[in-house]
Structures are given as C-alpha cells and as structure tokens.
Amino acid sequence: MPDTIDPTEDYSARFVIEAHPVHGRVVRLGDTIDQILKAHDYPPVIANLLGEACVLAVLVGASLKFEGRLILQAQGDGVVRYVVADYDTRGGLRGFCRFDRAELDALIANNENKFQSLGAQSLLGKGTFIMTLDPEDHGERYQGITPIEGESLALCAEHYFAQSEQVPTQIKLAVSETSGLDGRHWRAAGAMIQAIAADETRGETKESFQHIRALFETLGEEELTDFDLSADRLLYRLFHEDGVRLSAPKHIHKLCRCSQDRVEGLVQSFSPEEQAEMLEADGKVHITCEYCSKTFLVGL
C-alpha cells in the first residue's frame, strides 16, 4: 500500500486483490464535485444523480488505455431529460443535468410519504444509459447503449458491463452534503471491482469474484464519503485477509471546455438570419454554457 493519500485531494486510484484475479478503482471528489454542483441551483435529488454520474465517469474513464474522453449519459422520458458527465483522461471532469423543475416538484410531493428514495429510474423514466469513448488521436469513437435499469446509476453501469463487455462488475456510489465552519459542501465517492478474465494460468475466476464481491457488499455509503478514512485504510478494512495493493493516485479537477473562441465559432456557424434572431436587447448574442453556467457575449 502507498502512503496515505492526501484527503484534501480529489483523485482516482487503482487497486488489485493480491490473492484473487480481481482489480478495482476508488474515486473521491471534494472540491471538484462541489464546484460542478454549485454551478447550478440543483435540488438535492438532482445533485445526487449528477454526483453519481460524475463519480461513475471517473471510475470507468480512468481505466481507459488511451488518451481521450469518456462521456457518460443517461436520458429518458422522466422528469430528468438527461444527465451527462464528461471525463478527460488527464483528470478533467465536468457534468450537468437537464430536468423539468415543475414536474420534479410534483414527483417529490407524490413520493413524500413513501420510504423509497427517488433514484435513477424514478427520475429518468424509460430510457437509455450510454457510454461514449472518444480517443484523442481521432480514432474511431465507440458507443455502448443499454436500457436504464434499477434505481441507481451503479446498477445501470453493472448491467452495461454485463451486456456490452461481459465483465463481472460491482459498483458502489455515494454523494453527501457536509456542513463546516465555511458553509455546506458536496462530496462524492465511489468504488468498483471487476473480475479479471479467466485463462489457462488463472483458471475459472467466478468463485474468486463472488468471494470479493461479498466483502465489497459490506462497504457503506458513509464510509465512502468519510474522507477522514483514507482509501488505503478503507481497502484494508475490506480486503486485508486477501491482500490489497493500491496504486498511486491520479488527480481529478473540474475542467470545462467552453471559451470565448469556441462560442464565437459556434455563433459564426449560423446563417446571418439566424444570428439576427439570436441578438439580445444589447445587440449581442448571449450564450450560457450548460456545464459551468458561464455566460459569453458575442458581438456581430
């Protein structure tokens, strides 16, 4: 195990179970997810959904073998039209959620006396879960699509890996809001384990994965978002009898690709007639980035 990871950093880190053909990844996001969620006035259930999407994008995207992006998207016919998380393999992360606030308020009111929380399927309805791999070297894009199933994005992703990759996978996601002397802040975290494919050397790996999965199931959401409990100590709690080795962490940070030049290029792609219709009272085009909520002004 490496030295304890700095709890003030946002990071992803790979780990391997030494006695079994199972590997995994742990992700913890503090300031990064706080900035992403606070860029919008999200109700708690929406913030939770987007927080899960961002953690999941890092869990999967940090495992890519090429430089590029992983774009995770879930869209449906529910009150949430779609949720998107965009992870850059250099550690950049952004995300946003589009929803109908009036429909959401009605859904929350109808669910008030029920014990079940509003999860992915309740919010998104019938729809699709999509992962897009976008290589930086202009290689071929790959997109995997599966139905939205279950009340968490973790279940959607597990179904995706089972259907598209045939890789036994278990995922835990957690989002919480904490209070401190400097106000309230969001935290999000997650962990994933996957079976390593069987071969002549390893033999059948099913029983090994079931063993590690049973231990992984004991991991609680409060442990994931307790950043005072370091990742190495958390993993040791779970897997010390089987041996666990944590790799060096990779820093995660908020990154948005919007810029004045990009926005001006977008406006110029429209016809003069369309540009004229876009003008505001001040004679400029106002465009707000859906990811970071920054507004750009473009003069014509």
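Rules of the game
Residues numbered from 1 in each chain as written. Predicted model: local features only at pLDDT ≥ 70, side-chain atom pairs only at ≥ 80, totals over all residues. Heavy atoms only, no water. Helix = DSSP H or I, 4+ residues; strand = E, 2+ residues; numbered from the N terminus. Buried < 20%, exposed > 50% of the residue type's maximum accessible area, 1.4 Å probe, protein only. Pairing = 2+ DSSP bridges. Salt bridge = Lys/Arg side-chain N within 4 Å of Asp/Glu carboxyl O. Contact = heavy atoms within 4.5 Å. Arc of directions from axis to C-beta.

1. Regarding the environment of Asp 105
Phase 1: Along the polypeptide, Asp 105 turns up in helix α3 (residues 101-110).
Phase 2: With relative accessibility at 45%, the residue Asp 105 sits in the partly exposed group.
Phase 3: In this structure, the C-alpha to C-alpha distance between Asp 105 and Phe 161, residues 56 residues apart in sequence, is 33 Å.

2. Observations concerning the pairing of strand β8 (residues 169-180)
Phase 1: Relative to strand β9 (residues 183-195), β8 runs antiparallel, the two being bridged by 12 bridges. Bridged to Val 175 within β9 is Ala 188.
Phase 2: Hairpin connection of β8 to β9: two residues between the antiparallel strands.

3. What about the pattern of salt bridges?
Phase 1: If you walk through the whole model with that rule in mind, you get 15 salt bridges.
Phase 2: The closest approach of N and O atoms between Arg 69 and Asp 86, which form a salt bridge, is 2.5 Å. Of the two residues, Arg 69 is situated in strand β3 (residues 68-76) and Asp 86 in strand β4 (residues 80-88); the sequence distance between them amounts to 17 residues. Of the two residues, Arg 69 and Asp 86, both sit in the buried class.
Phase 3: With a closest N to O distance of 3.1 Å, Asp 88 and Arg 257 form a salt bridge. With a gap of 169 residues between them, Asp 88 in strand β4 and Arg 257 in the loop between β12 (253-254) and α9 (260-268) connect regions that are remote in the sequence.

4. Overview of unusual backbone geometry
Phase 1: The phi dihedral of Gln 166 is positive, around 55°, even though this residue is not glycine.
Phase 2: Along the chain, the position of Gln 166 falls in the loop between α5 (153-165) and β8.
Phase 3: Note on Gln 166: relative accessible area 58%, which makes it exposed.
Phase 4: Within the chain, Ser 293 stands out as a residue other than glycine whose phi angle is a positive 70°.

5. A closer look at the side chain of Ser 12
Phase 1: With respect to the helices and strands, Ser 12 occurs in strand β1 (residues 11-17).
Phase 2: Ser 12 sits in the buried class, given a relative accessible area of 1%.

6. Side note on the environment of Gly 243
Phase 1: Relative to the elements of secondary structure, Gly 243 occurs in the loop between α8 (231-239) and β10 (244-246).
Phase 2: Relative accessible area serves as the criterion here: at 14%, Gly 243 is assigned to the buried category.
Phase 3: Put simply, Gly 243 and His 159 are 84 residues apart on the chain and 28 Å apart in space, counted from C-alpha to C-alpha.
Phase 4: Setting aside residues no more than four positions away along its own chain, Gly 243 makes contact with Val 16, Ile 17, Glu 18 and Ala 19.

7. Let's talk about α8
Phase 1: All buried positions along α8 are accounted for by Ala 231, Asp 232, Leu 234, Leu 235, Leu 238 and Phe 239. When α8 is viewed along its axis, its buried side chains cluster within an angular range of 160° and face the same direction.
Phase 2: Taken together, the buried residues of α8 touch β1, β2 (22-29), α6 (206-216), α7 (221-224) and β10.

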